[in-house]
Amino acid sequence: NSAFVCLNYNGEVVAIVGSKGEKTGSRLFNIAASGKRHIGSTIKPIASYALAVENDLITFSSVITDEPTYKKGETVGGTTFNADWPVNYYAGYLGDVPVDVAVQRSINTIPVKLVTLLTPRTVFDFLTQKLHISTLIETGPNHDVAVAPMALGSFTEGVTPLELAGAYQMIGNGGLYIEPHSYTKVLDSEGAVILTANTAPERVISAETATILNKLCQRVVYGPRGTGTAAAIPGFTVAGKTGSASDNTDLWFVGMTPQYLGVVWHGYNIPDEIIYNT
């Protein structure tokens, strides 16, 4: 299946596709608005990198070492690692790399380092309180207030495409969050207002941080080792981020032009591995 949502940078929903195929009824389950899925590496720009830039831990050209946080056989908190962790999709480590390379190649180790420095609680609070992602789990045996979900996006339940789009707005509009909405107000038959959307902008990061994040996400599309180079559109400046859940059960792309922001998800209704050619 697949789903898609498109916003402008005022939070207005300009297009939404709840699933592929012909619509067969009203008020059916809409994956784009209500489907909770693991977002994988699309978490990185809006969580670890956003807060690390905002808190002056890194900038565009900072150099960080791509290396495992925990070595095979190491025991931490009662857990013994049976392999180096985290691993990268290219099954190795590159040593010292600039941040822009880390983003364009979607390196896993560096967001883990940044979330560890920031603390998972700080990142969790930013995602839930500032970016208004409502589906994260705070308590219980499988909560999301931990390094792995905050750095790599494998959550207990997941995130909807609509809320992911809302979180990414700040990268394209200078650091503001505006609740995604499909109306501004609703009137009754006599012209009285019965519903009003919350369209007030909230500053969540500085304009300077948003600019750096935007430039980093452009490297995903235009960098020599970018994971989203197929998204380049002639005549437009495109920024973006790819993402995939463990075992390729969910595939994502978030794309941004100066005018619009789009989120596309691919997967199965019942999660299963997606087999595809790279």
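Scroll up to find the structure this text is about.
Residues numbered from 1 in each chain as written. Predicted model: local features only at pLDDT ≥ 70, side-chain atom pairs only at ≥ 80, totals over all residues. Heavy atoms only, no water.

### Section: the side chain of Thr160
Stated formally: Helix and strand definitions here come from DSSP, where helices need a minimum of 4 consecutive H or I residues and strands a minimum of 2 consecutive E residues; each element is numbered from the N-terminal end. The cut-offs for exposure are 20% and 50% of the maximum accessible area for each residue type, with area from a 1.4 Å probe on protein chains only; residues under the lower value are buried, those over the upper are exposed, and the others partly exposed.
If you trace the backbone, Thr160 turns up in the loop between α7 (147-152) and α8 (161-172). Residue classification places Thr160 among the buried positions, given a relative accessible area of 4%.

### So, the packing of aromatic side chains
Using the following cut-off: Stacked, tilted and edge-to-face are the three classes assigned to paired rings of Phe, Tyr and Trp, where Trp is represented by its six-membered ring and a pair needs centres within 6.5 Å; plane angles under 30 degrees give stacked, over 60 edge-to-face, the rest tilted. Look at NZ for Lys and CZ for Arg. If either is within 6 Å of the ring centre and within 35 degrees of the ring normal, a charge sits over the ring.
One pass over the structure, following the stated rule, counts four aromatic pairs. Seen from their ring centres, Tyr70 and Phe81 are 4.7 Å apart, and the 15 degrees between their planes marks the pair as stacked. Taken together, the residues span a long stretch of sequence, with Tyr70 in the loop between β3 (63-66) and β4 (75-76) and Phe81 in the loop between β5 (79-80) and β6 (95-98) at a distance of 11 residues. Since its relative accessible area comes to 24%, Tyr70 is described here as partly exposed. An angle of 75 degrees between the planes, with centres 5.2 Å apart, marks the rings of Tyr89 and Tyr90 as edge-to-face. A network of ring pairs unites the aromatic residues Tyr70, Phe81 and Trp85 as a single cluster. Over the face of the ring belonging to Tyr90 we find Arg105, whose NZ or CZ atom lies 4.7 Å from the ring centre.

### Some points on the nonpolar core
Condition: In this text, buried Ala, Val, Leu, Ile, Met, Phe, Trp, Tyr and Cys residues form a nonpolar core when linked through side-chain atoms within 4.5 Å. Working rule for contacts: check all heavy atoms of both residues, and any pair within 4.5 Å makes them a contact.
Counting residues in hydrophobic clusters, the biggest one holds 62 residues, and the most contacted among them are Ile46, Tyr49, Leu127, Leu164 and Met170. With seven residues, the top contributor of residues to this core is α8. The contacts of Met170, once residues within four sequence positions are left out, are Ile46, Ala50, Phe126, Leu131, Gly175, Leu176, Val204, Ile205 and Ala210.

### Some details on the packing of α8 against helix α9 (residues 207-222)
Packed helices, taken two at a time, are described by the angle their axes make and the gap between the axes. For clarity, the cut-off: Fitted lines through C-alpha atoms give the axes, limited to the stretch in contact for helices. The angle between two N-to-C directions lies from 0 to 180 degrees. In this scheme, roughly parallel covers angles under 35 degrees and roughly antiparallel covers those over 145, while 65 to 115 is roughly perpendicular and the rest are oblique.
The N-to-C vectors of α8 and α9 enclose an angle of 105 degrees; their axes lie 7 Å apart at closest approach. When the axes of α8 and α9 are compared, the pair comes out roughly perpendicular. Contacts between α8 and α9 pair Met170, Ile171 and Gly172 from the former with Ala210, Leu213, Asn214 and Cys217 from the latter.

### Considerations on the pattern of salt bridges
Basically, it comes down to this: In the sections that follow, a salt bridge refers to a side-chain nitrogen of Lys or Arg positioned within 4 Å of a carboxyl oxygen of Asp or Glu.
Under the counting rule described, the total for this entry stands at six salt bridges. The shortest N-O distance in the salt bridge between Asp250 and Arg37 comes to 3.7 Å. Within this pair, whereas Asp250 is found in strand β12 (residues 250-256), its partner Arg37 is found in the loop between α1 (31-34) and α2 (43-46), the two being separated by 213 residues in sequence. What makes Asp250 buried here is its relative accessible area of 2%. For the salt bridge of Asp100 with Arg219, the shortest nitrogen-to-oxygen distance reads 2.9 Å. With Asp100 in helix α4 (residues 99-104) and Arg219 in helix α9, the pair connects residues that are 119 residues apart, well separated along the chain.

### So, the layout of surface pockets
In plain terms, the rule: Grid points spaced at 1 Å over the protein atoms alone were grouped into cavities, where a 1.4 Å probe fits but cannot get out, and pockets, open sets with protein on both sides within 12 Å along at least five of seven lines, with lining residues defined by an atom within 4 Å of a point. Grid points are joined across faces, edges and corners, and a volume is the space filled by probe spheres set on the points. Residues are grouped as follows: nonpolar covers Ala, Val, Leu, Ile, Met, Phe, Trp, Tyr, Cys and Pro; charged covers Asp, Glu, Lys and Arg; every other residue, Gly included, is treated as polar.
Quantified by volume, the largest pocket comes out at close to 1,200 Å³. If you go around the largest pocket, you meet 37 residues; those closest to its centre are Tyr89, Gly243, Ser244, Asn248 and Tyr276. At the level of elements, α7, β11 (239-244), β12 and β13 (260-267) are the ones that each hand at least two residues to the lining of the largest pocket. In terms of residue class, the lining of the largest pocket is made up of 15 nonpolar, 19 polar and three charged. One number sums up the size of the second largest pocket: a volume of about 600 Å³. Going through the elements one at a time, β2 (13-17) and α1 are the ones with two or more residues in the lining of the second largest pocket. Of the residues contributing to the lining of the second largest pocket, the split by class is nine nonpolar, 10 polar and five charged.

### A look at a nonpolar patch on the surface
Let me state the cut-off plainly: Candidate patch residues must exceed 30% relative accessible area and have no salt bridge, after which like charges are joined if within 9 Å and Val, Leu, Ile, Met, Phe, Trp or Tyr side chains if within 5 Å. For accessible areas, the Shrake-Rupley method is used with a probe of radius 1.4 Å. Any residue's cover is judged against the shown protein chains and nothing else.
A surface patch of nonpolar side chains, amounting to about 280 Å² of accessible area, comprises Tyr183, Ile194 and Leu195. Counting through the fold element by element, Ile194 comes out in strand β9 (residues 193-196). Residue Ile194 is classed as exposed on the basis of its relative accessible area of 53%.

### Remarks on the side chain of Asn8
Mapped onto the elements of the fold, Asn8 is located in strand β1 (residues 2-8). Taking relative accessible area as the criterion, Asn8 reaches 12% and is therefore assigned buried. The contacts of Asn8, once residues within four sequence positions are left out, are Val14, Gln169, Gln259 and Tyr260.

### Notes on unusual backbone geometry
A cis amide bond links Trp85 to the next residue, Pro86, at an omega of -5 degrees. With respect to the element layout, Pro86 can be found in the loop between β5 and β6. Residues other than glycine seldom take positive phi values, yet Thr119 does so here, at roughly 85 degrees. Here Thr119 lies in the loop between α5 (109-118) and α6 (120-130). The phi dihedral of His132 is positive, around 60 degrees, even though this residue is not glycine. Counting through the fold element by element, His132 comes out in the loop between α6 and α7.

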